[in-house]
Amino acid sequence: MTTENILEAARQRGAGQPYAGAVTPQEAFELLRSSPKVKLVDVRTNAERDWVGRVAIPDAQHAAVQWATYPGGVPNPDFGAQLEKVASQDDILLFLCRSGVRSRHSARVATELGYANAFDILEGFEGDKDGEGHRKTLGGWCKAGLPWVGA
């Protein structure tokens with residue numbers, strides 16, 4: 001699938017959302033491999049990245065901007081300013097969180113700040129909890145077998 005095909009499918013999948021669209025973890029990885037103008041913005045807390053793991057992609061395409069701070073889970077008042085330091089308005093931004101909730105909010109706010117190509121990564125890094133309360137078994141970057149490092 002070409003970059004254009006993936007982005008078109010993502011826009012259709014996200015029709016009606018207040019951001020450009022939504023990609024699957026596999027599509028996100030393909031986009032990252034296809035162009036240096038694509039960046040993954042991990043909006044989980046620093047603690048989540050340190051203790052749970054993070055994507056294994058080139059540093060130039062990986063950015064970390066917490067949606068909420070740790071400890072406490074307070075919304076990050078500097079989200080927009082921090083995003084501006086790691087991304088330009090013409091980048092294709094793919095927002096990633098644990099299971100796909102914070103990433104949607106982040107993509108929306110990025111769009112409001114003028115980033116026209118802000119996409120949500122569906123399912124997140126770990127996906128939803130399974131019947132036993134475990135993650136990384138139902139969807140997400142890890143379950144898809146995409147490169148990551150950590151716990």
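Residues numbered from 1 in each chain as written. Predicted model: local features only at pLDDT ≥ 70, side-chain atom pairs only at ≥ 80, totals over all residues. Heavy atoms only, no water.

Before going further, it helps to spend a moment on the environment of Ala63. The topology assignment puts Ala63 in strand β4 (residues 62-64). Once the C-alpha coordinates of Ala63 and Gln82 are considered, the two residues, 19 residues apart in sequence, prove to be 9.8 Å apart. Look past the residues within four positions of Ala63 in its chain and what remains in contact with it is Leu40, Val41, Asp42 and Val86. (Helix = DSSP H or I, 4+ residues; strand = E, 2+ residues; numbered from the N terminus. Contact = heavy atoms within 4.5 Å.)

So, on to the side chain of Arg102. Structurally, Arg102 is set in helix α5 (residues 102-112). What makes Arg102 buried here is its relative accessible area of 17%. Only 2.8 Å separates the side chain of Arg102 from the side chain of Glu48, close enough to count as a polar contact. Contacts of Arg102, omitting those with residues within four sequence positions, involve Val43, Arg44, Thr45, Glu48, Trp67 and Cys97. (Buried < 20%, exposed > 50% of the residue type's maximum accessible area, 1.4 Å probe, protein only. Polar contact = N/O pair within 3.5 Å; in protein donor to acceptor, adjacent residues only side chain to side chain.)

Attention shifts here to the UniProt feature "domain: Rhodanese" (unreviewed entry) in the protein. Mapped onto the present numbering, the UniProt feature "domain: Rhodanese" (unreviewed entry) falls at residues 34-137. Between the first and last C-alpha atoms of residues 34-137 the distance is 27 Å; the span itself is 25% helix and 18% strand. (UniProt positions renumbered as here; feature names shortened; annotations may be inferred.)

Ordered by their spatial adjacency, five strands build an open sheet running β1-β6-β5-β2-β4, and the pairing between neighbours is parallel. Of all the strands in the sheet, just β1 (21-23) and β4 have a single pairing partner and so form its edges. Ignoring which end each strand starts from, the neighbouring axes of this sheet average 30° apart. Across three bridges, the pairing between strand β5 (residues 92-96) and strand β6 (residues 118-121) is parallel. Of the residues in β6, the one forming a bridge with Phe95 is Asp120. Docked against the sheet, helix α2 (residues 25-34) engages β1, β2 (38-42), β5 and β6, running at close to 95° with respect to β1. On the sheet, α5 packs against β5 and β6 and is oriented at approximately 180° with respect to β6. (Pairing = 2+ DSSP bridges. Axes fitted to C-alpha atoms, helices over the stretch in contact; angles between N-to-C directions.)

Tracing the backbone shows Asp42 in strand β2. On the basis of relative accessibility, which here comes to 0%, the residue Asp42 falls in the buried class. In this structure the side chain of Asp42 is engaged in a polar contact, spanning 2.8 Å, whose partner is the side chain of Arg44. Here Asp42 is in contact with Arg49, His62, Ala63, Ala64, Val65 and Leu96, once residues within four sequence places are set aside.

A word on the packing of helix α1 (residues 3-13) against α2. The interhelical angle for the contact between α1 and α2, taken along N-to-C directions, is 140°, at an axis separation of 10 Å. The pairing of α1 with α2 is recorded here as oblique in orientation. Handedness of the crossing formed by α1 with α2: left-handed. In this structure, α1 uses Thr3, Ile6, Leu7, Ala9 and Arg13 to contact α2, whose residues at the interface are Glu27, Glu30, Leu31 and Ser34. Residues belonging to the contact of α1 with α2 are distributed by class as follows: four nonpolar, two polar and three charged. (Parallel < 35°, antiparallel > 145°, perpendicular 65-115°, else oblique. Left-handed = near helix turned anticlockwise from the far one by under 90°. Nonpolar A, V, L, I, M, F, W, Y, C, P; charged D, E, K, R; others polar.)

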